Amino acid sequence: MIGLVLIAHAPLASALRDCARHVYSCDAEAYAQLRVLDVAPDADLEATVRAAQALVAEVAAGAGVLVLTDAFGATPGNVAARLAEPGRVAVVAGANLPMLLRALCYRSARLADVVDKAIAGGQQGVMQVAATPVQNQGYKPTGNDQRRLQHQQ
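Small disclaimer: the values here were computed from a predicted structure and weren't measured.

### Here we look at the overall build of the chain
- If you tally the helices and strands in the chain, you get five helices and four strands.
- Secondary structure elements of the chain occur, N-terminal to C-terminal, as β-α-β-α-β-α-β-α-α.
- Across the 153 residues that make up the chain, the buried fraction comes to 37%.
- Within the chain, counting contacts between residues at least 6 apart in sequence, those at least 24 apart form 67% of the total.

In C-alpha cells form, the structure reads like this:
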C-alpha cells in the first residue's frame, strides 16, 4: 500500500483528512497510512521539514509515499518538495478533496499510478457548475418556448 502524507497551510490538511473520513466513514483502513501536517503561519522551516520527514518514515513501509501539498512555492509546498525521492516519495501540489479521495481509493496501485490517479481526480474535480438545469432534466419544452434554447451542453 502507498503511504499518504498531506502537508498544507493550517488547518487545511486536517480539514481535508476529516472530509475524506466523512466520505469514506465505513473504511477505517483507508486512513491507516495517511498522515497530515498543518503548517502554522509562523512555523520554523527546518523543524517543519523534520516533522514531515518523520511522517513519511511512519508510512513508508509499503510501495512508496505520495505527498500531497496545497500550494507550490508556499511553505508547505517547499517542505513537501524537500521530501521528494524518485521512485520512493512523489510530491503533488494543488491538493483538493477529489485528489485526496482518488489517492485513497487507489493506494494499492504502484506509486506512479497513484500519482496519475490523484492528479486526474484533482483536475476532474475542478469545473464550473452551470446555473441552468442540466439539459433534458426537469424541463419539457412546449410549442414555441424560447427556454428550450437555453440548456447546458
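Further notes follow.
### What about unusual backbone geometry?
- Going from Ala10 to Pro11, the amide bond is cis rather than trans, its omega being 0°.
- Mapped onto the fold, Pro11 is located in the loop between β1 (3–9) and α1 (12–23).

### Topic: the sheet that holds strand β2 (residues 34–39)
- The strand order across the open sheet formed by four strands is β2-β1-β3-β4, and the pairing between neighbours is parallel. Since the sheet does not close on itself, it has two edges, and those belong to β2 and β4 (89–93), each with one partner. For this sheet, the mean angle separating the axes of adjacent strands, direction not counted, is 15°.
- Across five bridges, the pairing between β1 and strand β3 (residues 65–69) is parallel. If you follow Leu4 over to β3, its bridge partner there is Leu66.

### Observations regarding the packing of helix α4 (residues 97–105) against helix α5 (residues 111–124)
- Remark: α4 packs on α5, axes separated minimally by 7 Å, with the N-to-C direction vectors making an angle of 150°. Judged on the interaxial angle alone, α5 and α4 are roughly antiparallel. For α4 against α5, the interelement crossing comes out right-handed. Here Pro98, Met99, Arg102 and Ala103 of α4 lie close against α5, whose contacting residues are Val114, Lys117, Ala118, Ile119, Ala120, Gly121, Gly122 and Gln124.

### Side note on the packing of aromatic side chains
- Taken as a whole and judged by the stated rule, the model has zero aromatic pairs.
- Lying across the ring of Tyr106, Lys117 places its NZ or CZ 4.7 Å from the centre.

### Topic: the packing of α1 against α4
- Between α1 and α4, the least distance of the axes is 10 Å, while the angle of their chain directions is 60°. Comparing their axes, α4 and α1 come out oblique. In the packing of α1 onto α4, the handedness of the crossing is right-handed. In contact with Leu16, Arg17, Cys19, Ala20 and Val23 of α1, α4 contributes Leu97, Leu100, Leu101 and Leu104.
- The residue makeup of the contact of α1 with α4, split by class, is eight nonpolar, no polar and one charged.

### Let's talk about the environment of Leu83
- Structurally, the position occupied by Leu83 is in the loop between α3 (75–81) and β4.
- Beyond its immediate sequence surroundings of up to four residues, Leu83 is in contact with Ile7, Val49, Ala52, Gln53, Val56, Val67 and Val89.

What counts and how
Residues numbered from 1 in each chain as written. Predicted model: local features only at pLDDT ≥ 70, side-chain atom pairs only at ≥ 80, totals over all residues. Heavy atoms only, no water. Helix = DSSP H or I, 4+ residues; strand = E, 2+ residues; numbered from the N terminus. Buried < 20%, exposed > 50% of the residue type's maximum accessible area, 1.4 Å probe, protein only. Contact = heavy atoms within 4.5 Å. Pairing = 2+ DSSP bridges. Axes fitted to C-alpha atoms, helices over the stretch in contact; angles between N-to-C directions. Parallel < 35°, antiparallel > 145°, perpendicular 65-115°, else oblique. Left-handed = near helix turned anticlockwise from the far one by under 90°. Phe/Tyr/Trp six-rings, centres within 6.5 Å; stacked < 30°, edge-to-face > 60°. Lys NZ or Arg CZ within 6 Å of the ring centre and 35° of its normal. Nonpolar A, V, L, I, M, F, W, Y, C, P; charged D, E, K, R; others polar.

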